[in-house]
Amino acid sequence: MLRRSAAALSGIGRRVIDAVWRLGYASRFFALTLLSSGTSFRRIGLIIKEIYFTGVLSLIIILVSGLFVGMVLGLQGYETLQTYGSESALGVLVALSLVRELGPVVAALLFASRAGSAITAEIGLMKATEQLTAMEMMAIDPIARVVAPRFWAGVISMPLLAAMFSAMGVFGGYLVGVVLIGVDEGSFWSQMQSAVDVKHDVLNGVIKSFVFGIACTWIALLEGYDAPPTAEGVSGATTRTVVTSSLAVLALDFVLTALMFRGA
Amino acid sequence: MGRTTLDLWVGMFVAAGLVALLVLAFKVGNMSTFNMDDSYVLHADFDNIGGLKVRAPVKSSGVVVGRVTNISFDDKRYEATVSMSVDKRYQFPTDTSAAVLTSGLLGEQYIGLEAGADSAKLASGDKIKLTQSAVVLESLISQFLFSKASEGEKK
């Protein structure tokens, strides 16, 4: 009995120490990525190639989901607002919820599962097939050549994708609210414009998506770089990327929202 | 470095992202209608501001002319001090009055400016002297009830 509880305790302790160890490793990895990103800015082609993979190829899923999220917001918002006789505020509801929350968050979740998992799998396989070691043998720093361009590509793509998601969502809300249901077009746009503040709402949304971009890409790169060099290890790392980035995005979203919109 | 089709796609992607940002700023937001850079500051003291919040609109004749930038409590005179930034295009006479009003029965509260007749104009940092507090529904109801009760006593 005593021995079993001691084993359980030491198991917990081992897990905590392991987590702290991993956190330190992750921080060092992040710092190293930032320090060695000079090369990737001098060879901007590397970043452009990665923007193609993380950004351009995520476009379809981002645009289509944005459209549908906006359309659902239009329908649901109309149902609720109609009971209070204020359907004209539909534009405000759609625009504010997209620009402040849904745009950055849902785009980041989609980004983590579409691009983040691909990054992890790619780097994990590079490691498993010893391409990273081969680079080191040729005196090429794999962090500067492989990791940093992907990091910056993710950080650049994420705010652009979130902005496109929000814009597409507003269009979806317009499509359902104005074209399909018949809310007055003038009040839809004018109430939206008087309620959405560029600095307070749009800029804060962009800052959010920027932070999410850093978090998602960092987690994806770290999981890939740290993956055990086996088929099983890479698959586990890919799963962990999606789970951890999704949790990180939601937790960060709460913290950022609390900082930005303190009921003022 | 030669041009590739990859560059074209990435260029289109970045351009589309920037266009989306511009759409959010101009079509969804109100960058085009109200620019905070060209504004001046006015202050006003109220006995009671009700539920007025920072960033609430400042309207005159129903037109948004500015926004509330700061609300603080003056503990010398026990009054609320409201600061607002007003668009430079709109100048108001020195005897302008400010009131905390509500749009609709349950709508948001805003500051209504009623222009006076003075020829001198308010400058940045000036204080609006004539103010009217927010109507608090509870005190209105209790006033009504008390007056009803006193009517009943007389009978």
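For clarity, every value in this text was computed on a predicted model and none was experimentally measured.

Tallying secondary structure elements over chain B gives two helices and eight strands in all. Listed by position from the N terminus, the elements making up chain B come as α-β-β-β-β-β-β-β-β-α. By its C-alpha atoms, chain B is 95 × 40 × 30 Å across when sized along the principal axes. Buried residues in chain B amount to 23% of all 155 residues.

Residues and elements named next belong to chain A. Taking 1.5 Å of rise per residue, 25 residues should cover 36 Å, and helix α4 (residues 59-83) covers 36 Å from first to last C-alpha, within 8% of that figure. Within α4, burial applies to Ile-62, Gly-66, Val-69, Gly-70, Met-71, Leu-73, Gly-74, Gly-77 and Tyr-78. Positive phi appears at Gly-85, one or two residues downstream of α4, with a value of about 65 degrees.

Below, the discussion takes up the environment of Val-183 of chain A. All names here are of chain A. Among the secondary structure elements, Val-183 is positioned in the loop between α7 (142-181) and α8 (185-195). For the pair Val-183 and Val-105, spaced 78 residues apart in the sequence, the C-alpha separation amounts to 28 Å. The residues contacting Val-183, other than those within four sequence positions of it, are Glu-87, Ser-88, Leu-90, Gly-177, Val-178 and Phe-188.

Residue and element names in this part refer to chain B. Pairing within the open sheet is mixed, and its eight strands lie in the order β7-β1-β4-β3-β2-β6-β5-β8. This sheet does not close on itself; its edge strands, each paired only once, are β7 (126-128) and β8 (130-132). Pairs of neighbouring strands in the sheet enclose a mean axial angle of 35 degrees, with direction left out of account. Note that strand β1 (residues 39-46) and strand β4 (residues 79-87) share eight bridges and pair antiparallel. Looking at β4, one finds that Val-41 is bridged to Ser-85.

Conventions adopted
Residues numbered from 1 in each chain as written. Chains lettered and ligands numbered in written order. Predicted model: local features only at pLDDT ≥ 70, side-chain atom pairs only at ≥ 80, totals over all residues. Helix = DSSP H or I, 4+ residues; strand = E, 2+ residues; numbered from the N terminus. Buried ≥ 20, exposed ≤ 12 C-beta atoms within 10 Å, placed from the backbone. Expected span 1.5 Å × (residues − 1). Contact = placed C-beta atoms within 7 Å. Pairing = 2+ DSSP bridges. Axes fitted to C-alpha atoms, helices over the stretch in contact; angles between N-to-C directions.

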